[in-house]
Every structure is written in structure tokens, then in C-alpha cells.
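# Fold and contact review
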Amino acid sequence: MKAQPLAEKLLDELTGFSQSSTLSEFNRHRYLRECDKAIQVEAAEGYMCKGIVYSLSNNFEKMKESFQIARQLDPSDSLIRDNFSISLANYGRFEDLKEILESQLEAPSDPVCEAFGRTVISIVDLELLQHLNENYANQIEQAIDEVGLDKSDVVDYIKLFNDLMKQKKVRFGVVPSISWLVVDGDIVVYYDFVGSAVETVSIMDEFNKLAVSKGLRNVAKKFSLVLLPLGNS
């Protein structure tokens, strides 16, 4: 579905930003004013654009609320659904994303498929990943076997990290091209997130303490989880 002219221009601008961008306060307020104008013409698409603005402003709750309003106003709009799906993937909300995709009849768009695939790798859902990318699923399993870890312990370790990142309500995700490789006897997995180097240190310190408290020290010894800050530009 194609957006109305006013919303289309606004949508083109907003989707032109990198997924790692964070809007300045000035741009956030400017775009929210433009969204309010679009809402007067086409409410559903205006709220969709508002959802994207909030996503680029690191405001998960407002992002989700805006997209939910948009979907209530026009449940059949594939443009709204796809942009909501991508935003949910950026925040690591796999269950919400999965629910949306399971409820639709037609095949998802390529960007949504890409976002979904990255999310499946992020949470190490090996059963689902076997259907989406069998080679990558095998790569993960081979890496786990090579270092002698228990698969369920590794999944618990990754889940702990994902849950922590979701609590922080930041945009994050695995970097598949350089992850799940065995280097010097350790599994190396890279995640990027929209934040600073200082936040990276704080998050990883908190995560390492959590892993020990949950009895996952054995995984941590064989697992190098690297968090890459993308900054707030």
C-alpha cells in the first residue's frame, strides 16, 4: 500500500535515516509536528510516521503505542505493519514480531524477512533458524559442539543477555556476518546497539555479574560476547 502524499514525503525522510541514527531534540520535535499534520489528513499513516520518529528517538513505549494506534485505525495497511515489524526487530522484541508475522496471510517483504532472520539469530532459536537459514543454524551448532558447551546453557546465556537489553529498551541486534565463529577456543558473537562506549561497559559489567549469579560462569569462560556501540549520531 502506498502512503498518502503528505505522509509519503514524511515517510521517505524518516526511512532515509540509518537504523542506528538517533534524532536530535530539534529534529524530533520538528518531525512530531509534521506527524501531527499528517494525522489530520490520514490518521493511520500519521501515527505510523510518529512511531518511526519515536523509534529513532530511543523511546520504545511511545513507538509501540503509536504503531498500535496506526494498526487499530487501518489493520490491513501492509506499510504500517512492515514498519512496525522492523521497529520491533530493532528493539529485539521477537515475540511481538513473530505474532505479527504469523497473523498475516501474504509473505512478508524482504526488509521484514531480513529483520526477522537477524532476530532469530539474536535469540538462537535453532529450530526456527533451521527453516530460515539451515547453514547458519549448523554453524551455530558446530561452534557450540567445538568448544564443548551444552546447547541449553548457551541458549540460556544468550536469553539472559537479550532480556537485559530489552530491559534497557535500546535498539540492538546480532551482527551475523562476524558472529558464531570459534577463535582461540572461544565462541565469538558480536551485537551492535545504539548507545555509547560508556553504556557498553556498564551493560557488559551488569551482564557478566548476572551470568555468574545464574550459574552460567562455565559458558562465560568459553564465550566472548562483544557489544559494539553505534553511537547516537
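The coordinates are above.
Residues numbered from 1 in each chain as written. Predicted model: local features only at pLDDT ≥ 70, side-chain atom pairs only at ≥ 80, totals over all residues. Heavy atoms only, no water.

## Here's the deal with the overall build of the protein
For the protein, the helix and strand inventory stands at 12 helices and 4 strands. Computed over its C-alpha atoms, the radius of gyration of the protein comes to 19 Å, within 12% of the 17 Å expected for a compact globule of 233 residues. In terms of principal-axis extent, the alpha carbons of the protein reach across some 60 × 40 × 25 Å. Across the 233 residues of the protein, 45% fall into the buried class. Taking as baseline every contact in the protein between residues at least 6 positions apart, the subset at least 24 positions apart corresponds to 65%. A total of about 11,600 Å² of accessible surface is found on the protein, and carbon and sulfur atoms cover 50% of it. (Helix = DSSP H or I, 4+ residues; strand = E, 2+ residues; numbered from the N terminus. Rg over C-alpha atoms; globule rule 2.2 N^0.38 Å. Buried < 20%, exposed > 50% of the residue type's maximum accessible area, 1.4 Å probe, protein only. Contact = heavy atoms within 4.5 Å. Areas by Shrake-Rupley, 256 points an atom, 1.4 Å probe, with all protein chains shown as cover.)

## Some details on the layout of surface pockets
For the largest pocket, the calculated volume is near 430 Å³. In terms of lining residues, the largest pocket is bounded by 20 residues, among which Gln 19, Asn 90, Glu 114, Ala 115 and Arg 118 are the most central. Of all the elements in the fold, those that place two or more residues in the lining of the largest pocket are helix 5 (78-90), helix 7 (110-123), strand 1 (172-174) and strand 3 (186-193). Of all the elements, helix 7 adds the most residues to the lining of the largest pocket, at 6 residues. (1 Å grid on protein atoms, 1.4 Å probe; cavity = no way out; pocket = protein on both sides within 12 Å on 5 of 7 lines; lining within 4 Å. Points joined across faces, edges and corners; volume = space filled by probe spheres on them.)

## Quick look at the nonpolar core
Among the nonpolar cores identified, the biggest contains 67 residues, and Trp 180, Ile 187, Tyr 191, Phe 223 and Leu 225 are the most heavily contacted of them. Here this core gets 7 residues from one element, more than from any other, and that element is helix 10 (residues 151-168). If near-sequence neighbours (up to four positions away) are discounted, Phe 223 is found in contact with Val 154, Tyr 157, Ile 158, Trp 180, Ile 187 and Val 189. (Core = buried A, V, L, I, M, F, W, Y, C linked by side-chain atoms within 4.5 Å.)

## Overview of the environment of Lys 50
Structurally, Lys 50 is set in helix 3 (residues 43-55). C-alpha separation for the pair Lys 50 and Leu 32, spaced 18 residues apart in sequence, amounts to 6.3 Å. If we ignore the near neighbours within four places in the chain, the residues touching Lys 50 are Leu 32, Cys 35, Asp 36, Ile 39 and Ser 66.

## Remarks on the pattern of salt bridges
A full pass over the atoms with the stated rule returns 11 salt bridges. When the shortest N-O distance is used, the salt bridge between Glu 34 and Lys 37 registers 3.3 Å. Taken together, the residues Glu 34 and Lys 37, both in helix 2 (residues 25-41) and 3 residues apart, mark about one turn of the helix. In this structure Lys 37 comes out as partly exposed when scored by relative accessible area, which is 48%. Measuring nitrogen to oxygen at the nearest pair gives 2.7 Å for the salt bridge that ties Lys 169 to Glu 61. Here Lys 169, found in the loop between helix 10 and strand 1, pairs with Glu 61, found in helix 4 (residues 60-73); they are 108 residues apart in sequence, far enough to count as distant. Salt bridges sharing partners connect three or more residues here, namely Lys 159, Asp 163 and Lys 166. (Salt bridge = Lys/Arg side-chain N within 4 Å of Asp/Glu carboxyl O.)

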